[in-house]
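Chain residues, written in single-letter form:
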Amino acid sequence: MIDAELHVYAGSREEILDRFEPSLAARIRDTAFRLPPASPHPGVDVFAGEVAAATDPAEVAERLPEEVEWALLVPAQIFPAAGWLDHGLAAAFAAALNDHFAQTWLPADPRFRLAAALSPHDAPAAAAELRRWAGDPRVVAGCFAPTGAGLGHPHYAPLLAEASRLELPLMMHPSGAEGIALGAPLLGGGTPRTPQETFTLLPQVAAANLASAVYDGAFETHPGLTLVLAGFGVEWAGPWLWKLDQEWRGLRADVPWLTRPPSETLAERVRFVLDESCPPLDAATRALLELVPDGMLLYGSDAPFGPGEERLAALAGHESILAGNAAATFAAGAAAATGGA
Amino acid sequence: VSAGVQLERLAAGRVEDYAAGELRLWPTRTGSIGVVRTAQGFYALRNRCPHQAGPICAGKVTGTMLPSRPHEYRYDASTPVIRCPLHRWEFRLSDGRSTSAITRKRLVTYGVEIEDGAVYVLLRPGVSE
């Protein structure tokens, strides 16, 4: 089994303060800077007790089920930085988190891999940060939260180009700032007033960003690009893939760079993490998932918010979802980590 | 159509009646056939889109966009297509195939013959049109 989404956290700002450039560290120390909460979603702090454990690599390693070959550590505290106004601090925070996890977590267990934290505000800086880790075989992806620009917007081009060149997948995960912070993605219909509205509407953000990437030709411009969507659910994706194809057929002349149905491209280049943002895998959900190509699905525990035991039980026997798809998706880094080709 | 097979001809007016790009409809027993004059010559097609059976001859005859790099456009005026007014699916007039393989379904097309300035659509014998 491969766990494609295991959230991990720095335990305190003091723990990472030395990772910042001294003047910036002083600024952080002298201000009200606080580490983002464990859950990036507004109004959700009920997991505090559980999350505390996700700040200790030894404890997280001990909790990993025996059958887990490796787990992708996702530094979740970077995601709320998508709602920060200080973009320089966001980029420095991403780098500090990466140094912290690479130096204190990755050596703690050979099953740990890292998705490098990236700030979405400054794509050239994010590209440079991804490049900084490209030589480390334990770093097998980058991760960031969406902004108000769709993934196909030129804003993201430097990051997508670098990820494509390095063949490192990019994971997109909600920030919790969706619909409520300047620079974060809007949610359709207006600004939510409750966390429940935000949760409910998050698939909009994933759908909008993927549509942006598809029709803007991001997958054609960046042939090595793979996108991994975590925290957005997947039950909505099947009908939506059909819709992408339908609009392509009718408006093909407007996007002549797309020479085949978008669903075919996405089947190869996009992955959805089956995590706790997805509904229970009952008969109805399974019917919806039948509409999504099998190869697009990755298992993610979503720890510390999961794993749901029922979800794991429902996936028993689905080797491709539990391991094979993730192994192929993160092939470049994983192969390097095991000394493979 | 095999050589030697006699084709029924549908009289479709005279060459000088057709403005460039103008598509004229000619009734048949079961529907209609559109005939259009382009820079590449005359084309004839069944007035029925293979997608949802829409009246495709009400669509526009135009050139098409060739595959390109993102946000670059390469217009090909030498390959006339017709764009269905219902869902904008495009089909080449020359062979009825869709552009960029958006579907395997093909538009029904016919040969056109010009004789002494008169335009004839070549129908397959035994096919009810």
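Attention here is on the structure that accompanies the text. Throughout this document, residue positions are counted from 1 along each chain, in the order its sequence is written. As a convention, the first chain written is A and the first ligand written is 1, with the rest following in written order. Totals for whole chains, interfaces and linings use every residue, but because this is a predicted model, local features are given only for residues with pLDDT of at least 70 and side-chain atom pairs only at 80 or more, for both listing and counting. Note that the side-chain values use all heavy atoms of the structure and ignore hydrogens as well as water.

1. Here we look at the state of the cysteines
A covalent bond between the sulfur atoms of two cysteines is what we call a disulfide.
Line of reasoning, step 1. The disulfide criterion is simple: two cysteine sulfur atoms within 2.5 Å. Throughout the structure, instances matching the rule amount to zero disulfides over all chains.
Line of reasoning, step 2. As a non-bridged cysteine, Cys278 of chain A has Cys143 of chain A as the owner of its nearest cysteine sulfur, 18 Å distant.
Line of reasoning, step 3. Classification of Cys278 of chain A by relative accessible area gives buried; the value is 5%.
Line of reasoning, step 4. Of the cysteine sulfurs around Cys57 of chain B, a residue in no disulfide, the closest is that of Cys84 of chain B, at 9.6 Å. Relative accessibility decides the category of a residue: with a 1.4 Å probe and only protein chains considered, values under 20% of the type maximum give buried, values over 50% give exposed, and everything between is partly exposed.

2. Describing the environment of Leu23 of chain B
All names here are of chain B.
Line of reasoning, step 1. Where helices and strands are cited, they refer to DSSP runs of H or I of at least four residues and of E of at least two residues respectively, numbered from the N terminus. Topologically, Leu23 is positioned in strand S2 (residues 23-27).
Line of reasoning, step 2. Here Leu23 falls in the buried class, since its relative accessible area comes to 19%.
Line of reasoning, step 3. Sequence separation of Leu23 and Tyr43 is 20 residues, and the distance between their C-alpha atoms is 9.4 Å.
Line of reasoning, step 4. In this view, Leu23 contacts Gly34, Val35, Val36, Leu45, Cys57, Val61 and Ile82; residues no more than four positions away in its chain are not counted. Any two residues having at least one pair of non-hydrogen atoms within 4.5 Å are treated as being in contact.

3. Some details on the sheet that holds strand S5 (residues 60-66) of chain B
Residue and element names in this part refer to chain B.
Line of reasoning, step 1. The pairing criterion is simple: DSSP has to find at least two bridges between the two strands. Strand order in the open sheet made by the three strands is S5-S6-S7, with antiparallel pairing throughout. Pairing within the sheet leaves two strands with one partner each, and these edge strands are S5 and strand S7 (90-92). Across the sheet, the mean angle from the axis of one strand to that of its neighbour is 60 degrees, orientation sign disregarded.
Line of reasoning, step 2. One ladder, built from six bridges, connects S5 with strand S6 (residues 74-83); its direction is antiparallel. If you follow Val61 over to S6, its bridge partner there is Ile82. Simply put, an axis is a line fit to the C-alpha atoms, just over the touching stretch for a helix, and the angle between two N-to-C directions goes from 0 to 180 degrees.

Read these as spatial facts, not as claims about activity.
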